[in-house]
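Analysis of the macromolecular model
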Amino acid sequence: MNDFAGMEDLLSDFLLEAGEMLSEVESKLTDLEKFPEDSRLLNEIFRGFHTIKGGAGFLNATELVALCNITENVFDKLRTRELLLNPELMVALSAATAEVRTMFDSLQKNQRPNEAPRQLTDALKAALTGQKAVLPVNQSPHSAANKEVVRSAGQDVADWEKLYKSLTGAENISDEGAARDQKTVAASVNPVGPRNALLEKNTAEISGTGAGRSEEEATSTDTSKSTIRVDTDRLDRLLDISGEIGLTKSRLTHLRSDIIQGRIDADTMHELDLAVSQLEKLVMNLQNAVIKTRLQPVDRLFSKYPPLVSKLARSQGKDAELLLEGKDAELDSSLIEDLEEPLLNLLSYTVKTGVETVEERISSGKPQQCKMELSAHQEGDHILISIADDGRGMLPEAIRNKAIAKGLISREAANTLEDIQCLELIFLPGFTGNGEMADDGAAMDLVKTAIHELDGTISIQSKPGKGTVISIMLPLTLAILPVLILRLGDQSFAVPLSQANEILSVTPGKLQLVSGRPTMAVHGKVLPVLQLSQLIGWEQSGTQTVGVLVQSGNINFVMLVDSIVGRDDAVIKPFDAFRPNGVAAVTMSSDGDIVLILDIKELVSEVRAH
């Protein structure tokens, strides 16, 4: 359903401008808590709501107009000193701002927003008449519980038919077909047998948009994800490169004509080699320039959190302030959207479990207010995002005992863990959730899964009584990925180059059995040897003598394949509808092959689980 048919361009422009303005309002609300009588802040927040109201009026979004109008009136009285800001009113104003954000979410789906909750408008109206703005503390409107849960880890690893139909946009598989026996499906695409039609190379059929989505679903795509603001200098750079590519193309066309006419002397071949080299360099520059146009400052994401953290802390009898660091660091716009929920859940978990109450902090000699910091720093082609606090910290032994009590790990296995490994037990499925998470009840294992889906890693450092630091390392972009292309039978696979350390020759004489499993000594270390066919559930054919030294986190192993094709820069096509275990994304090779990009971390976790 599209409630704004014919107004899509106006809606898109409004959401872009108003979204940035609302982020500034949210940031200024945090400052207003520290300086409640700051006239400049009050005036700027008033103008923010007034401007958003005006834009919403052009769209006839009466529900949003009504909420902005009453909130604007409250700020008008605050700036003229007819009202004084108190904690209860601050809660109501924060809730109103969050409700505006919720209304934006509806507009992004081309849907008219619902009216603001009656309790909220009644509280604001009460404030206008000089009464107390009483508003119960509700759950955050950004609750992860309202969003679709990340795909569970138990999906069928051998359902290659569903995979192919997801890639090509073919019709959905029926329930009966989806329930077919795993062995039958695996056999149908066995690389040692006849090539199955489901994996035929067909470049034209691969859809770059959401596979299997209806036209209506496609038109209701989140507008904020399809629109970004780009610096004109970056666009000028793209224009310059495209001009140079045009000149090189003209040169190649001229050389092609010379060669067709039989001019294949050494000078012509040298000119051709120079032109091709120049084209390769320009294409690489173009890729880098395009990536830069997708990069956005993380402040767009970070600025939402300080008021939410303050509100959540107050609801639990705590006092916490979230400081932001490195807001100018840049990240791919798609990653910014996907990080919103994981970061909110981590901040919620920190407030719930890591921040002490005011009384506890005072009794332990700490300042009444807990200082939390959300920071971002670029490290090479990655970005490091950290959440730090000076709270109670984590007790490794307590976490270990809780995991044992919940039956998530055996006592024998738990006793072998070092303290830093015990901290990461909080990411086990079932350790958190069911009411243990503050604010929304989301589980920390889903946070780790979400970060993992973005090809990132998450780690914890903590000192009891001193505080905790949760660190997330992410690639700057997932649009283009350097990969090593492998072959298994007739199918091409790819491993991220950051995880493929070395190509090895694996002969029977180099293999040794340890506890019945093949291993190999590499640079003085004995490493397990795993067949790619074993990892993805295919039957093995013949003896493989080509291995890739793969590293995933602190795990190293040798992966056997049929052959190595070479290095490439893969343009990533993510899965929108279905993604099987062990496959992160898909790309195309230069000769039209479908190339499946392996999710090494997930493949390793499956092996360790069994």
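On a predicted model such as this, the values are computed, not experimentally measured, just so you know.

Here we take up the overall build of the protein. The helix and strand tally for the protein stands at 22 helices and 18 strands. Taking all 610 residues of the protein together, 46% fall into the buried category. Counted over contacts in the protein with a minimum sequence separation of 6, partners at least 24 positions apart contribute 70%. As presented, the protein carries roughly 30000 Å² of accessible surface, and 51% of it is formed by carbon and sulfur atoms.

Before going further, it helps to examine the pattern of salt bridges. When the charged atoms of two side chains lie near each other, side chains of opposite charge can form a pair. Counted by the stated rule, this structure contains 19 salt bridges. The residue Lys-77 makes a salt bridge to Glu-82 at a minimum N-O spacing of 3.1 Å. Given a relative accessible area of 54%, Glu-82 falls into the exposed group. The closest approach of N and O atoms between Arg-234 and Glu-330, which form a salt bridge, is 2.9 Å. Of the two residues, Arg-234 sits in helix α11 (residues 232–260) while Glu-330 sits in strand β3 (residues 330–332), which places them 96 residues apart along the sequence. In the salt-bridge network here, residues are joined through shared partners; they are Glu-356, Arg-361, Lys-366 and Asp-390.

On to helix α17 (residues 396–405). Every buried residue of α17 is listed here: Pro-396, Ile-399, Arg-400, Ala-403 and Ile-404. Each buried residue of α17 sits inside an arc of 135° when the element is viewed along its axis, so together they form one side. The inward-facing, buried residues of α17 abut α18 (411–415) and α19 (419–423). Following α17 by one or two positions, Gly-407 has its phi on the positive side, about 75°.

Quick look at the sheet that holds strand β4 (residues 370–379) now. Within the open sheet, the five strands sit side by side as β2-β4-β5-β7-β6. Their pairing is mixed. Across the chains shown, the open sheet's two edge strands, defined by having one partner strand only, are β2 (320–325) and β6 (457–463). Across this sheet, the average inter-strand angle for adjacent strands is 15°, counted without regard to direction. Two strands pair when backbone bridges link them, and β2 and β4 are joined in this way by six bridges, in the parallel orientation. Bridge pairing in β4 places Glu-325 opposite Ser-375. Contacts between helix α14 (residues 305–315) and the sheet are confined to β2 and β4, with β2 contributing the most and set at about 165° to the helix.

When you line up the elements, Thr-268 lands in helix α12 (residues 266–294). With relative accessibility at 9%, the residue Thr-268 sits in the buried group. Separated by 13 residues in the primary sequence, Thr-268 and Leu-255 place their C-alpha atoms 7.2 Å from one another. Look past the residues within four positions of Thr-268 in its chain and what remains in contact with it is Leu-255, Ile-259 and Arg-263.

What follows covers empty space enclosed by the protein. For the coordinates displayed, the defined rule picks out three cavities of 30 Å³ or more. Its boundaries defined by the atoms lining it, the largest cavity holds a volume of some 100 Å³. Put simply, the parts of the chain that give the lining of the largest cavity at least two residues each are α1 (8–34), α4 (87–108) and α14. Class assignment for the residues of the lining of the largest cavity results in four nonpolar, three polar and three charged.

In terms of nonpolar packing, the biggest core is built from 51 residues, with Tyr-305, Leu-339, Leu-343, Met-372, Ile-385 and Ile-426 touching the most fellow members. Excluding residues that lie within four positions of it along the chain, Met-372 makes contacts with Val-309, Ala-320, Glu-321, Leu-322, Leu-323, Leu-347, Thr-350, Val-351, Val-355, Ala-388 and Asp-389. If you look at the next biggest cluster of nonpolar residues, it comprises 44 residues, including Leu-29, Leu-83, Ala-95 and Leu-120.

Moving on to the packing of helix α15 (residues 333–354) against helix α20 (residues 444–453). Between α15 and α20, whose axes approach to 9 Å, the crossing angle comes to 145°. α20 is crossed by α15, and the crossing has left-handed handedness. Side by side, α15 and α20 meet where Leu-339, Pro-342, Asn-345, Leu-346 and Tyr-349 of the first sit next to Met-444, Val-447, Ala-450 and Ile-451 of the second. Looking at the contact of α15 with α20 residue by residue, the classes come out as eight nonpolar, one polar and no charged.

Turning our attention to the side chain of Thr-71. Of note, Thr-71 is situated in helix α3 (residues 62–79). The class for Thr-71 is buried, based on a relative accessible area of 0%. Leave out the neighbours within four places in its chain, and Thr-71 touches Phe-49, Leu-93, Ala-96 and Leu-124.

Another aspect to go through is unusual backbone geometry. Note: most residues except glycine have negative phi, and most peptide bonds are trans. For Asn-60, which is not glycine, the phi dihedral falls at a positive 60°. When you line up the elements, Asn-60 lands in the loop between α2 (39–58) and α3. One non-glycine residue, Asn-110, adopts positive backbone phi at about 60°. Structurally, Asn-110 can be placed in the loop between α4 and α5 (118–128).

Rules of the game
- Starting from 1, residues in each chain are numbered consecutively following that chain's sequence as written.
- Residues qualify for local features only when their pLDDT is at least 70, as the model is predicted, and side-chain atom pairs are given and counted only at 80 or more; totals for whole chains, interfaces and linings, by contrast, use all residues.
- Heavy atoms from the whole structure form the basis of all side-chain values; hydrogens and water molecules are not counted.
- Under the DSSP-based scheme used, a helix requires at least four consecutive residues in state H or I and a strand at least two consecutive residues in state E, with every element numbered from the N terminus.
- Burial classes: relative accessible area under 20% of the type maximum marks a residue as buried, over 50% as exposed, and values in between as partly exposed (1.4 Å probe, protein chains only).
- Throughout, a residue-residue contact means that at least one pair of heavy atoms, one from each residue, lies within 4.5 Å.
- Using the Shrake-Rupley algorithm and a 1.4 Å probe, accessible areas are obtained, with residue cover drawn only from the displayed protein chains.
- For salt bridges, the criterion is a side-chain nitrogen of Lys or Arg within 4 Å of an Asp or Glu carboxyl oxygen.
- Relevant arc is that of directions from the helix axis to the C-beta atoms, nothing else.
- In this scheme, strands are said to pair when DSSP sees at least two bridges between them.
- Axis geometry follows a simple rule: fit a line to the C-alpha atoms, using only the stretch in contact for helices, then measure angles between N-to-C directions, giving values from 0 to 180 degrees.
- Computed over the protein atoms alone on a 1 Å grid, cavities are sets of points where a 1.4 Å probe fits but cannot get out and pockets are open sets with protein on both sides within 12 Å along at least five of seven lines; a residue lines them when it has an atom within 4 Å of a point.
- Grid points are joined across faces, edges and corners, and a volume is the space filled by probe spheres set on the points.
- Residue type decides the class: Asp, Glu, Lys and Arg count as charged, Ala, Val, Leu, Ile, Met, Phe, Trp, Tyr, Cys and Pro as nonpolar, and the leftover types, Gly among them, as polar.
- Here, the term nonpolar core denotes a set of buried Ala, Val, Leu, Ile, Met, Phe, Trp, Tyr and Cys residues that are joined through side-chain atoms within 4.5 Å.
- Definitions for this section: a left-handed crossing has its near helix turned counterclockwise from the far helix by less than a right angle. A right-handed crossing has that turn clockwise.

Functional significance is not addressed by these values, which are geometric in nature.
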